[in-house]
Amino acid sequence: MAKTTPPSKKHTKYICLPEAELPATKEDFRKTSSWRIFRIMSEFVEGFEFVADLKKAVAFFGSTRVDWRNKSYRDAQKLAYMLAKEGCTIVTGGGPGIMEAANKGAYAAGGESVGLNIQLPQAQMVNEFVTKGLGFHYFFTRKVMFSFACHVYVFFPGGFGTLDEFFEMVTLVQTKKLGYPVLIVAVGKNSYWRKLRNWLEKEVLQKLGGIKKEELNIIHFVDS
């Protein structure tokens with residue numbers, strides 16, 4: 001794959017929702033709830049308008065703490081490149097790590113490279129390969145946008161955030177809340193997901209009976 005030059009900032013279309021003047025969360029919410037409701041409403045309105053224009057979108061998730069030296073980073077970049085060449089829009093959280101890799105692959109292929117970023121106290125930066133993006137204050141509004149933006153979700157190895165988004169999407173498919181076919185792919189079948197897959201089968205399915213056998217098929221575990 002050819003070396004990728006980051007886009008200049010003047011070509012990057014990135015929207016960040018305006019900050020609301022909100023009191024500290026420990027204050028009595030009955031005195032502040034109206035402001036929070038307006039903030040949430042604005043994120044939903046802006047978010048739905050933003051994702052409505054995305055076509056053939058594929059979402060990528062994974063660790064923020066890896067770089068080009070990690071195999072998952074390189075695999076994510078390659079897959080995003082291939083999908084973008086097929087006309088798919090690549091959607092990530094807009095940050096570093098696997099998200100950067102996917103956006104980088106999409107940008108190199110000349111495809112649409114989208115970032116749905118989250119505003120954090122640690123100030124998660126938007127990676128330089130996002131050409132169209134939107135920033136969110138609330139995790140839950142951002143996750144709703146992900147669930148409406150795409151029909152394919154690719155999960156690479158990651159931490160709490162990746163696993164949270166992973167089980168959110170699995171649950172939405174399990175409970176048939178999406179209303180359309182969704183493909184969930186977990187990359188790293190043996191190197192990362194093997195113990196979780198075994199735990200779901202032995203503990204959750206067989207011992208607890210917390211899920212049905214066919215519901216394990218919601219997740220497609222792959223090595224490549």
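As a reminder, the structure under discussion sits directly above these lines.
Residues numbered from 1 in each chain as written. Predicted model: local features only at pLDDT ≥ 70, side-chain atom pairs only at ≥ 80, totals over all residues. Heavy atoms only, no water.

Student: I'd like a description of the overall build of the protein, backed by residues and values.
Tutor: Helix and strand content of the protein: 6 helices and 8 strands. For the protein, the share of sequence-separated contacts (at least 6 apart) that also reach a separation of at least 24 residues comes to 70%. Of the roughly 12,800 Å² of accessible surface on the protein, a fraction of 58% belongs to carbon and sulfur atoms. (Helix = DSSP H or I, 4+ residues; strand = E, 2+ residues; numbered from the N terminus. Contact = heavy atoms within 4.5 Å. Areas by Shrake-Rupley, 256 points an atom, 1.4 Å probe, with all protein chains shown as cover.)

Student: Before we move on, could you go through the packing of helix H4 (residues 139-149) against helix H5 (residues 160-174) and cite the residues and values that matter?
Tutor: Close contact between H4 and H5 brings their axes to 11 Å; oriented N to C, the two are set at 55°. Classified by the interaxial angle, the pair formed by H4 and H5 is oblique. Considering only the axes of H4 and H5, their crossing is right-handed. Of the residues in H5, those touching H4 at Arg142, Lys143 and Ser147 are Asp164, Glu165, Glu168, Met169 and Leu172. (Axes fitted to C-alpha atoms, helices over the stretch in contact; angles between N-to-C directions. Parallel < 35°, antiparallel > 145°, perpendicular 65-115°, else oblique. Left-handed = near helix turned anticlockwise from the far one by under 90°.)

Student: How would you explain the nonpolar core if you had to name every residue and give the values?
Tutor: Counting 33 residues, the largest nonpolar core has Val91, Leu116, Tyr153, Phe155, Phe166 and Ile184 as the members making the most contacts within it. Setting aside chain neighbours within four positions, we find Phe166 in contact with Phe155, Ile184, Ala186, Trp193, Leu196 and Ile219. Formed by 17 residues, the second largest nonpolar core is a distinct cluster that contains Ala80, Ile90, Val154 and Val185. (Core = buried A, V, L, I, M, F, W, Y, C linked by side-chain atoms within 4.5 Å. Buried < 20%, exposed > 50% of the residue type's maximum accessible area, 1.4 Å probe, protein only.)

Student: Requested: an account of the packing of aromatic side chains, with residues and values cited.
Tutor: What the rule picks out here adds up to 13 aromatic pairs. Plain terms: the ring middles of Phe61 and Phe155 are 4.6 Å apart, the flat faces sit at 10° to each other, and that makes the pair stacked. Here Phe61, found in strand S2 (residues 57-61), pairs with Phe155, found in strand S6 (residues 152-155); they are 94 residues apart in sequence, far enough to count as distant. Its relative accessible area of 0% is what places Phe155 among the buried residues. Arranged with centres 5.1 Å apart and planes meeting at 80°, the rings of Phe166 and Phe167 form a pair that is edge-to-face. According to the relative accessible area criterion, Phe167 is partly exposed, its value standing at 33%. One aromatic cluster is present, formed by Phe61, Phe146, Tyr153, Phe155, Phe166, Phe167, Tyr192, Trp193 and Phe221 through successive ring pairs. In this structure, Lys132 packs its charged tip against the face of Phe50, placed 5.3 Å from the ring centre. The residue whose ring lies beneath Arg197 is Phe221, and the NZ or CZ to ring-centre distance is 5.7 Å. (Phe/Tyr/Trp six-rings, centres within 6.5 Å; stacked < 30°, edge-to-face > 60°. Lys NZ or Arg CZ within 6 Å of the ring centre and 35° of its normal.)

Student: Tell me about a nonpolar patch on the surface, and name the residues and values.
Tutor: The grouping of Trp35, Ile37, Phe38 and Met41 at the surface amounts to a nonpolar patch, some 460 Å² of accessible area in total. Inspection of the secondary structure assignment puts Phe38 in helix H1 (residues 33-51). (Patch = residues over 30% accessible without salt bridge, like charges linked within 9 Å, V, L, I, M, F, W, Y side chains within 5 Å. Salt bridge = Lys/Arg side-chain N within 4 Å of Asp/Glu carboxyl O.)

Student: Run through the packing of H1 against H4, naming residues and quoting values.
Tutor: Running from N to C, H1 and H4 cross one another at 20°; their axes reach a closest spacing of 10 Å. In terms of axis orientation, H1 runs roughly parallel to H4. Our pair here, H1 against H4, has a crossing hand that is right-handed. Along its contact with H1, which presents Ile40, Glu43, Phe44, Gly47, Phe48 and Val51, the element H4 presents Phe140, Thr141, Val144, Met145, Phe148 and Ala149. Looking at side-chain class alone, the contact of H1 with H4 contains 9 nonpolar, 2 polar and 1 charged residues. (Nonpolar A, V, L, I, M, F, W, Y, C, P; charged D, E, K, R; others polar.)

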